[in-house]
Amino acid sequence: DYFMDQWGVPWKKPQGGNYYDVSEFIHREIDPEDFDQIQWPTLATDRMAAEMETRAKALYESTDYALFTDVLGSAIFESAWYLRGFEQFMVDMMVEEEFTARYLRKVLDLQLEAYDKLLQKSAPYLEAVFVTDDLASQDSLLMSPEVYRNVIQPYQRELFSFLRSKG
């Protein structure tokens, strides 16, 4: 009923629930001027890459399944607010533009580094990388289209371009 993801974010499943919720936003209390003090994780190790390659190759050779991976979980927007807290990150996007840009850049750089490591070995066996990044409710975007285009979309474009470049 509890796990910690690659970012160090703790998740807990409520009693009787089907889904996990973030139980602590580990960067919520960090002031923008303290950005350089943040301890960032390594999202993918050589061991993870080797294990993924072994499993993907075995499935590729022994089944006719189309293989997808979502090994790093959510993309840029979701990862940022899982770390920072949804409300705090939404405020950051509106009033802490420089901090938000640095924060998203770091999140993306860590993801690119991890995907590069993992896909160097596993890409020949995979059909696609499954990326989620909830940007909307059932009714509308969580932010204005302008904020999305200016703040989030450039990082998503870079991520998706990078993934496509890996085949």
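Just so we're clear, the structure is a prediction, and the values are computed from it rather than from any experiment.

A few points about the side chain of Asp92
Thinking step 1. With respect to the element layout, Asp92 can be found in helix H3 (residues 86-95).
Thinking step 2. Residue Asp92 is classed as buried on the basis of its relative accessible area, which comes to 1%.
Thinking step 3. Within the local environment of Asp92, its side chain forms a polar contact with the side chain of Arg84, the two groups lying 2.6 Å apart.
Thinking step 4. Among all residues touching Asp92, those that are not within four sequence positions of it are Arg84, Glu97, Phe99 and Thr100.

Points about the nonpolar core
Thinking step 1. Grouped together as the largest cluster of nonpolar side chains are 46 residues, with contacts concentrated most on Phe77, Met93, Tyr103, Met143 and Ile152.
Thinking step 2. At the level of secondary structure, the elements contributing two or more residues to this core comprise helix H1 (46-62), helix H2 (76-84), H3, helix H4 (97-122) and helix H5 (145-165).
Thinking step 3. The element best represented in this core is H4, accounting for 11 residues.
Thinking step 4. Among residues more than four places away in sequence, those in contact with Met93 are Phe77, Thr100, Met143, Val147, Val151 and Ile152.

Observations regarding the pattern of salt bridges
Two side chains that carry opposite charge are able to pair once their charged atoms sit near each other.
Thinking step 1. Taken as a whole and judged by the stated rule, the model has seven salt bridges.
Thinking step 2. Arg47 serves as the salt-bridge partner of Glu51, at 2.9 Å between the closest nitrogen and oxygen. Placement of both Glu51 and Arg47 in helix H1 is noted, with a separation of four residues, approximately one turn of the helix.
Thinking step 3. A residue is classified by how much of its surface remains accessible, and Glu51, at 45% relative accessible area, is partly exposed.

Considering the side chain of His27
Thinking step 1. If you trace the backbone, His27 turns up in the loop between strand S3 (21-22) and H1.
Thinking step 2. With relative accessibility at 6%, the residue His27 sits in the buried group.
Thinking step 3. A polar contact is formed between the side chain of His27 and the side chain of Tyr103, at a distance of 2.6 Å.
Thinking step 4. Beyond its immediate sequence surroundings of up to four residues, His27 is in contact with Ile38, Gln39, Trp40, Leu83, Arg84 and Tyr103.

Quick notes on the sheet that holds strand S1 (residues 2-4)
Thinking step 1. As summarised here, the arrangement of the three strands in space is S1-S2-S3, forming an open sheet in which the pairing is antiparallel. Strands at the two margins of the open sheet, each flanked by one partner only, are S1 and S3.
Thinking step 2. Pairing between S1 and strand S2 (residues 10-12): three bridges, direction antiparallel. Counterpart to Phe3 in the pairing with S2 is Trp11.

Structural notes on the environment of Thr42
Thinking step 1. By the element assignment, Thr42 lies in the loop between S3 and H1.
Thinking step 2. Placed 36 residues apart in sequence, Thr42 and Gln6 show a C-alpha to C-alpha distance of 7.6 Å.

Regarding H3
Thinking step 1. Where H3 is concerned, the buried positions are Phe89, Met90, Asp92 and Met93. Mapping the buried residues of H3 onto a view down its axis gives an arc of 155°, with all of them on the same face. Residues Glu87, Met94 and Val95 are exposed on H3 and point more than 90 degrees away from its buried face.
Thinking step 2. Tucked inside the fold, the buried residues of H3 contact H2, H4 and H5.

A short note on the packing of H4 against H5
Thinking step 1. At their nearest, the axes of H4 and H5 sit 11 Å apart, and the two run at 10° to each other. One finds that H4 runs roughly parallel with respect to H5. Between H4 and H5, the contacting residues are Thr100, Ala101, Leu104, Arg105, Leu108, Gln111, Leu112, Tyr115, Asp116 and Leu119 on the first element and Val151, Ile152, Tyr155, Glu158, Leu159, Phe162 and Leu163 on the second.

Definitions and limits used
Residues numbered from 1 in each chain as written. Predicted model: local features only at pLDDT ≥ 70, side-chain atom pairs only at ≥ 80, totals over all residues. Heavy atoms only, no water. Helix = DSSP H or I, 4+ residues; strand = E, 2+ residues; numbered from the N terminus. Buried < 20%, exposed > 50% of the residue type's maximum accessible area, 1.4 Å probe, protein only. Polar contact = N/O pair within 3.5 Å; in protein donor to acceptor, adjacent residues only side chain to side chain. Contact = heavy atoms within 4.5 Å. Core = buried A, V, L, I, M, F, W, Y, C linked by side-chain atoms within 4.5 Å. Salt bridge = Lys/Arg side-chain N within 4 Å of Asp/Glu carboxyl O. Pairing = 2+ DSSP bridges. Arc of directions from axis to C-beta. Axes fitted to C-alpha atoms, helices over the stretch in contact; angles between N-to-C directions. Parallel < 35°, antiparallel > 145°, perpendicular 65-115°, else oblique.

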